[in-house]
Amino acid sequence: MRMSRLVAPTLREEPAEAEVPSHKLMLRAGMIRKVAAGIYNLLPLGHLVISKVAQIVREEMVRSGAQEVFMPALQPKELWEESDRWGVYGKELFRIKDRHDREFCLGPTHEEIITPLVSDAINSYKQLPVTLFQIQTKFRDEIRPRFGIMRGREFMMKDAYSFHPSNKSLDKEYKNMFETYCRIFDRMGLKYKAIKADPGAIGGGFSEEFMVLADTGEEELSPGVRGIEVGHIFKLGTKYSEKMKATFLDEKNQEKPFIMGCYGIGIGRTAAAAIEQGFDKDGIVWPIAIAPYKVAIVPVNSLEKEQIKLAEELYAGLQAVEPLLDDRDMRVGAKLKDIDLIGIPLKIIIGPRGLKEGNVEIKVRASGEVIMVPIAEAKKKVEELLK
Ligand SMILES: Nc1ncnc2c1ncn2[C@@H]1O[C@H](COP(=O)(O)OP(=O)(O)O)[C@@H](O)[C@H]1O
Ligand SMILES: [Mg+2]
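Residues numbered from 1 in each chain as written. Chains lettered and ligands numbered in written order. Predicted model: local features only at pLDDT ≥ 70, side-chain atom pairs only at ≥ 80, totals over all residues.

**Side note on the overall build of the chain**
Regarding its fold elements, the chain presents 11 helices and 22 strands. With respect to the three principal axes, the spread of C-alpha positions in the chain is 80 × 45 × 40 Å. Within the chain, buried positions represent 43% of all 387 residues. Once local pairs closer than 6 in sequence are excluded, the contacts in the chain between residues at least 24 apart make up 66%. (Helix = DSSP H or I, 4+ residues; strand = E, 2+ residues; numbered from the N terminus. Buried ≥ 20, exposed ≤ 12 C-beta atoms within 10 Å, placed from the backbone. Contact = placed C-beta atoms within 7 Å.)

Rendered as structure tokens:
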């Protein structure tokens with residue numbers, strides 16, 4: 001991507017509306033803009049990061065044996081009456097009417113949709129267990145939407161649901177999901193902890209939350225340690241299948257309610273939590289795996305032909321590692337400030353002195369380390385540093 005074309009309206013000033021670093025920095029880096037309370041536009045950089053988080057989640061869910069589906073956000077009241085939640089869910093549920101006065105809600109979660117879906121598709125214990133997941137927009141009319149996309153009213157979630165013939169089978173998949181979540185957060189380079197939790201409105205028997213450790217976390221885990229809930233896994237049991245009469249035939253040809261589990265990850269919240277764990281006075285310090293671009297190529301003087309030519313060559317050669325070319329006609333200090341604010345892991349700086357000696361400078365965002373390399377070795381060095 002050429003920075004002269006990139007729609008990333010960076011801000012030098014601290015936005016007054018933001019309280020926590022991730023919110024401030026996502027606004028300042030031009031990643032998000034507010035539309036209404038708890039409702040945000042994702043600009044190109046924000047969308048890229050969210051897409052990377054979602055893709056890691058997707059890959060690990062598929063590796064775990066789960067299948068991806070896509071369910072509607074609009075859900076009819078009747079299904080929520082079957083599960084007995086239309087009455088109890090309260091004001092967090094966005095309720096709407098269609099032109100015929102039929103009632104719907106905007107889904108805050110999808111047990112009411114997936115349970116009849118699986119009940120219709122699966123009849124026999126021979127077809128179990130199955131785990132289905134989606135990455136989709138959720139709606140919750142939060143009493144206090146805040147911290148940008150960390151606690152929104154419209155937000156992206158990965159939600160998965162598993163269906164089993166026995167508790168033993170559920171326990172096995174729950175463990176599989178626990179391990180999958182560990183792989184997901186490990187791949188993103190996050191520090192986290194799983195703790196036993198209150199199942200809340202989702203209900204069921206047993207649940208654990210995955211907490212990213214950060215000073216700004218909403219929850220106190222143990223004295224002095226705070227966490228941001230990024231994932232939540234539940235053993236639901238037969239809470240939904242009994243109410244919604246979702247059954248299968250067991251080995252003895254008897255009708256049994258499915259035993260269920262459900263497993264959520266907040267996609268946007270995970271991106272915000274990564275910032276809470278990775279920032280400094282200059283801006284965001286992305287983990288490489290979810291950085292919007294991995295290397296920025298910066299000619300010091302945007303009018304020097306030789307610098308531009310080399311920048312273009314490096315840009316062409318590095319396409320595989322998602323480069324940003326800073327082709328803006330600006331002072332180098334201002335260019336570097338933007339790139340650090342956005343949090344690009346590596347910079348290649350092309351200056352007159354280095355060029356004379358046949359070198360470029362590679363700067364590592366996280367450590368501040370500066371490495372001079374011969375031009376011919378720049379590509380290899382960048383690839384090595386990104387491993
Ligand atoms: N309002 C929200 N904005 C952004 N992400 C959210 C929001 N609510 C929940 N999430 C994410 O979705 C995941 C699953 O949600 P869930 O456990 O059902 O929500 P809660 O803990 O708020 O009852 C949470 O772990 C969190 O990462
Ligand atoms: Mg939760």
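**Some words on the domain arrangement of the chain**
Many structure descriptions define interface size as the accessible area lost when the parts assemble. By domain assignment, the chain separates into domain 1 (21–280) and domain 2 (293–386). Just the C-alpha atoms count here: the centres of domain 1 and domain 2 sit 40 Å apart. (Domains from an automatic or database assignment.)

**Concerning helix α1 (residues 21–28)**
Within α1, 8 of the 8 residues are buried, which leaves it mostly tucked inside the rest of the structure. The complete set of buried residues in α1 reads Pro-21, Ser-22, His-23, Lys-24, Leu-25, Met-26, Leu-27 and Arg-28. The inward-facing, buried residues of α1 abut β1 (32–36), α2 (44–63), α7 (267–277), β16 (279–280), β17 (283–284) and α9 (332–342). Backbone geometry just after α1 places Gly-30 at a positive phi near 70°.

**Observations concerning the site of ligand 1**
Taken together, 17 residues lie near ligand 1, and Phe-155, His-232, Gly-264, Gly-266 and Arg-269 sit nearest. Breaking the shell around ligand 1 down by element, the ones donating at least two residues are β8 (154–164), β12 (225–237), β15 (259–266) and α7. A total of 4 residues in the shell around ligand 1 trace back to one element, the largest contributor, which is β12. Its residues assigned to classes, the shell around ligand 1 shows 4 nonpolar, 8 polar and 5 charged. (Near = placed C-beta within 6 Å. Nonpolar A, V, L, I, M, F, W, Y, C, P; charged D, E, K, R; others polar.)

**Details of the nonpolar core**
Of all hydrophobic cores here, the largest spans 95 residues; its most connected members are Val-53, Val-295, Ile-344 and Ile-348. When residues of this core are assigned to their parent elements, the largest contribution, 7 residues, is made by α2. Looking at which domains feed residues into this core, each of domain 1 (21–280) and domain 2 (293–386) gives three or more. Not counting residues up to four positions away in its chain, the partners in contact with Ile-344 are Ala-291, Tyr-293, Val-295, Ala-296, Leu-324, Ile-339 and Arg-365. (Core = buried A, V, L, I, M, F, W, Y, C linked by C-beta atoms within 7 Å.)

**Some remarks on the sheet that holds strand β22 (residues 370–374)**
On the basis of which strands lie adjacent, the open sheet formed by 5 strands has the order β19-β18-β20-β21-β22 and mixed pairing. Looking at which strands have only one partner, the edges of the open sheet turn out to be β19 (323–325) and β22. Going across the sheet, the axis of each strand differs from the next one's by a mean of 25°, ignoring polarity. With 3 bridges connecting them, strand β18 (residues 295–299) and β19 associate as parallel partners. (Pairing = 2+ DSSP bridges. Axes fitted to C-alpha atoms, helices over the stretch in contact; angles between N-to-C directions.)

**Brief notes about the packing of α2 against helix α5 (residues 167–187)**
It is at 9 Å that the axes of α2 and α5 come closest, and there the two elements cross at 145°. Between α2 and α5 the crossing geometry is right-handed. Residues Ile-56, Val-57, Glu-60 and Met-61 of α2 lie in contact with α5, whose contacting residues are Thr-180, Arg-183, Ile-184 and Arg-187. Residues that form the contact of α2 with α5 fall into these classes: 4 nonpolar, 1 polar and 3 charged. (Left-handed = near helix turned anticlockwise from the far one by under 90°.)

**A look at the packing of α1 against α7**
Where α1 meets α7, the closest approach of the two axes is 8 Å, and the angle between their N-to-C directions is 105°. In terms of axis orientation, α1 runs roughly perpendicular to α7. Of the residues in α7, those in contact with Pro-21, Ser-22, Leu-25 and Met-26 of α1 are Ala-272, Ile-275 and Glu-276. By residue class, the composition of the contact of α1 with α7 is 5 nonpolar, 1 polar and 1 charged. (Parallel < 35°, antiparallel > 145°, perpendicular 65-115°, else oblique.)

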